[in-house]
Amino acid sequence: MPSTAATDERSREAAALELIAPLYRAAIDESQWNRFAAQLSRSCDGAAVTLAIRRPEARLGWDYFGALSPDLVMLVAEQLQGALVHAARRVDGFRSGFVSLGEAFPRVELERNPWFRERILPQGIDPTWPLCHAVTLGRTIRCWILVLPPPHPGFDSSAVTALGAHLVPHFARAFTLQRDLGAQNHKQRALEEILDRLPPGVCLIDAKRRVIHANLSAQRIIALEDGLSMQDEQLRASPDQDGELQDALAAAIRAASSGDFDHVSRVTIESDTGRP
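**Here's the deal with the sheet that holds strand S1 (residues 48–54)**
So, step 1. With antiparallel pairing, the five strands of this open sheet are ordered in space as S2-S1-S5-S4-S3. Taken across any chain shown, the strands that pair with only one partner, and hence form the sheet edges, are strand S2 (62–66) and strand S3 (99–100).
So, step 2. Where S3 lies against strand S4 (residues 131–137), two bridges are found, and the strand directions are antiparallel. Note on S4: the bridge partner recorded for serine 100 is leucine 131.
So, step 3. Running over the sheet, helix H8 (residues 157–196) touches S1, S4 and strand S5 (140–148) and is turned about 20° from S4.

Here you go:
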C-alpha cells in the first residue's frame, strides 16, 4: 500500500499538472491571469493568491491579479508596495520556491517594516505568512506570487510549499515566453510601421499564400478590386491573370523555403478598368 507521503505527492503532482496549461495560457493572453490566480487559490485550499506582475507603465509599476474586487485592487496594490520593496532586498531567497517572509527575515526586522507591522500583525496572521515566490529574468524581478492563508483553521502551509515546488520551473518558463512574445510583437509592430510608410503596395504572405500583413498602399489597391482582390485571405487576380500570379507566389515561397531570399518573381496585373 502506498504511503501517505507518496499519495500526497502524487496528489500535488496532479494539482500542478492541472495548473500548467492555464499558466502558459495566461503568459500568452494576459486577460487569463485572474482566472489562473483563482485556479491556484482553489489548489491551495482557498488561500488568497495575488500575482504582482511588473509593468513600468502601470500606475504603481506593477499590475495585480487575483480574486479582488475592482474597488480593492488599488488599495491592496498600495499596501503591497511596502512588502515587495522589503522582500526585494533579499530576492535570492525567494527565487527557488515559495518561501515565507518569516523564513527570509528575522522577526525583529519584519516588525520594523511598516507594511508588516500595520497590515499583517493586526490581522493575527502567523509570521510564517505570506508565502512568496519571485520570478526573475536575469536580475530583474518579473513577478511576485503572494499566498495568504484562508480564514479556516488547520491550513497546511507545507502543502502549498510543495505544490509551489512543482510550479516554480513553469513560472520561469511562462514569463520567459511572455517576454519573448512581447519582444517579437514589438519587432513585428515596428516592421509593420515601416512597411506602412512605403509608397508601393507590399503584402507579406505565409507558406500557404495567406496574406499576414498588407501595408496601407496595398490595402487601398486591394480595396478597389480592380484586377487584384483578396479572397479567403489570399491574393487573387482576374481569372485570365490569376494563374500567372499564383505561379509567381509559389515560386517565391519555394525560394524563401530554400533560403534564396534574392529570388525575384515578376508578374504584371492589369487593371480591369484600365486604371493605371
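**Regarding the pairing of strand S9 (residues 234–237)**
So, step 1. Here strand S8 (residues 228–231) runs beside S9; their pairing, made up of four bridges, is antiparallel. Bridged to methionine 230 within S9 is leucine 235.
So, step 2. Remark: two residues form the turn of the hairpin made by S8 and S9, two consecutive strands paired antiparallel; aspartate 232 in that turn has positive phi of roughly 55°.

**Points about unusual backbone geometry**
So, step 1. The backbone phi angle of aspartate 45 is positive, close to 60°, even though this residue is not glycine.
So, step 2. Relative to the assigned elements, aspartate 45 resides in the loop between helix H2 (33–43) and S1.
So, step 3. Looking at aspartate 45, the relative accessible area reads 46%, which means it is partly exposed.
So, step 4. Backbone geometry at glutamate 233 places phi at a positive 65°, although glycine is not the residue there.
So, step 5. Assignment of secondary structure puts glutamate 233 in the loop between S8 and S9.

Reading guide: rules and limits
Residues numbered from 1 in each chain as written. Predicted model: local features only at pLDDT ≥ 70, side-chain atom pairs only at ≥ 80, totals over all residues. Heavy atoms only, no water. Pairing = 2+ DSSP bridges. Helix = DSSP H or I, 4+ residues; strand = E, 2+ residues; numbered from the N terminus. Contact = heavy atoms within 4.5 Å. Axes fitted to C-alpha atoms, helices over the stretch in contact; angles between N-to-C directions. Buried < 20%, exposed > 50% of the residue type's maximum accessible area, 1.4 Å probe, protein only.

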